[in-house]
Structure formats: C-alpha cells, structure tokens
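Commentary on secondary and tertiary structure
Chain residues, written in single-letter form:
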Amino acid sequence: MEFERTRLPGVVRIRPRVFEDERGFFMESWQERKFSAAGIEAHFVQDNHSRSARGTLRGLHYQSRMPQGKLVRVTRGAVFDVVVDIRHSSPAFGCWEAHELSAQNRHMLWVPPGFAHGFLALADDTELLYKCTAYHAPELERAIAWNDSDLAIQWPLHAGEVPLLSQKDAAAPSFGHAECLP
C-alpha cells in the first residue's frame, strides 16, 4: 500500500497493492497496522454504502460536535471527490482539494475529522463505500453549499449544467455561514 500525503494536513490518498489475473483481483482495503504505520490512527464504527446516478452531487457534508473521519473508496463507476478543511485552527482553513476515485484506479482517500466531504458521480450507478470513525448523528448533520463562491470548487460540470441535488444540499448555507469546527 502506498500512502501519499496531500496538500491539506491530514488528508491521505491511498493506493492499494492490487493482485490481478484472469480470475479477477484481490486487494487489502484496510489493515490497521499499515494505516497506523502511515500515521492514520482510526477506529471505525460504521460502514456506509451509496449508489448515485451520473451527475448526482452529494455534499458538502460534515457533523458538528462529533466529526467523522472517513476512509472513502469507489467500487463501481467514478467520482470527483472533494474535501474542505473546516477547522478554524488549521492553516488550511477554507481550502479544498479534489481527487478522482474510481473502480478502475481503486484509490482510496482518508478524510480526517474536521473536513467537509462531498462528491460528484461521474458515471451511472456509481457506488461509494466509506468507513466512519463516529456514528451518524442526524441532529448534528451539517452541509455547505456545493457552489459556494468563497470556496470556488472547480466541479467538472459543463457550462450551465446543474447537478442532481437533495433538498438538503440545494438549501445548504454558504461557507461563511457554516458551523465550522475549532
């Protein structure tokens, strides 16, 4: 497994070692010792699985007071995966970065607690799996507008294209009005 630090503190792209032959493939997607040796100390309590149609944008989501770390990977299709540092104490506060995760490249992304997370499905029937370090708490769910002008995320959309959004995501507040973390 290769662990690649990104420009945002704590975010890590993981390239698993994949063994492929005519029967298919095998890879480790999580091994506590290897992740710990790479500086990722995580205790996972919940796994989530979503399927999205092409053009669906989910996010930017986070939980207040009980932030979740997430280990994200795609098992079918592809996503433009975005993380935003929402920790007031971070030198990268308000910065974002994006990674393409796909069933083909099999990359994973470690998103530590303190980041908002979202993705745009780039293919039909895209399936995303993510392990979480804190339980889902609906009363603590928060979102930031996907198209916030202060963040200026460069989503791979054609001019005038509007992604498929949930009602919650369509009504999400701007970054300036978000309940960011300490």
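Please read these numbers as outputs of a predicted model, since none were measured by experiment. (Residues numbered from 1 in each chain as written. Predicted model: local features only at pLDDT ≥ 70, side-chain atom pairs only at ≥ 80, totals over all residues. Heavy atoms only, no water.)

Attention shifts here to the sheet that holds strand β12 (residues 126-132). An order of β1-β2-β10-β7-β12-β5 is seen for the six strands of this open sheet, with the pairing classed as antiparallel. Only two strands of the sheet have a single neighbouring strand rather than two, namely β1 (2-5) and β5 (46-52). On average, each strand axis in the sheet is tilted by 25° relative to the strand beside it, whichever way the strands run. Pairing between strand β7 (residues 70-76) and strand β10 (residues 108-111): four bridges, direction antiparallel. When the bridges of β10 are listed, Lys70 appears paired with Val111. (Pairing = 2+ DSSP bridges. Helix = DSSP H or I, 4+ residues; strand = E, 2+ residues; numbered from the N terminus. Axes fitted to C-alpha atoms, helices over the stretch in contact; angles between N-to-C directions.)

Quick look at the packing of aromatic side chains now. This model, assessed by the stated rule, comprises six aromatic pairs. Here Phe44 and Trp110 contribute two aromatic rings whose centre-to-centre distance is 6.2 Å and whose plane-to-plane angle is 80°, an arrangement assigned as edge-to-face. With Phe44 in the loop between α1 (32-37) and β5 and Trp110 in strand β10, the pair connects residues that are 66 residues apart, well separated along the chain. Judged on exposure class, the residue Phe44 and its partner Trp110 are both buried. Put simply, the rings of Phe3, Trp30, Phe35, Phe44 and Trp110 pair up and form one aromatic cluster. The ring of Phe25 has Arg106 sitting right over it, with the charged end atom 3.8 Å from the ring centre. (Phe/Tyr/Trp six-rings, centres within 6.5 Å; stacked < 30°, edge-to-face > 60°. Buried < 20%, exposed > 50% of the residue type's maximum accessible area, 1.4 Å probe, protein only. Lys NZ or Arg CZ within 6 Å of the ring centre and 35° of its normal.)

Judged from the four bridges that link them, β1 and strand β2 (residues 12-15) form a sheet pairing that is antiparallel. Across the sheet, residue Glu4 finds its bridge partner in β2, namely Arg13. Taken together, β1 and the strand that follows it, β2, pair antiparallel across an intervening segment of six residues, in which Gly10 is found at a positive phi of about 95°.

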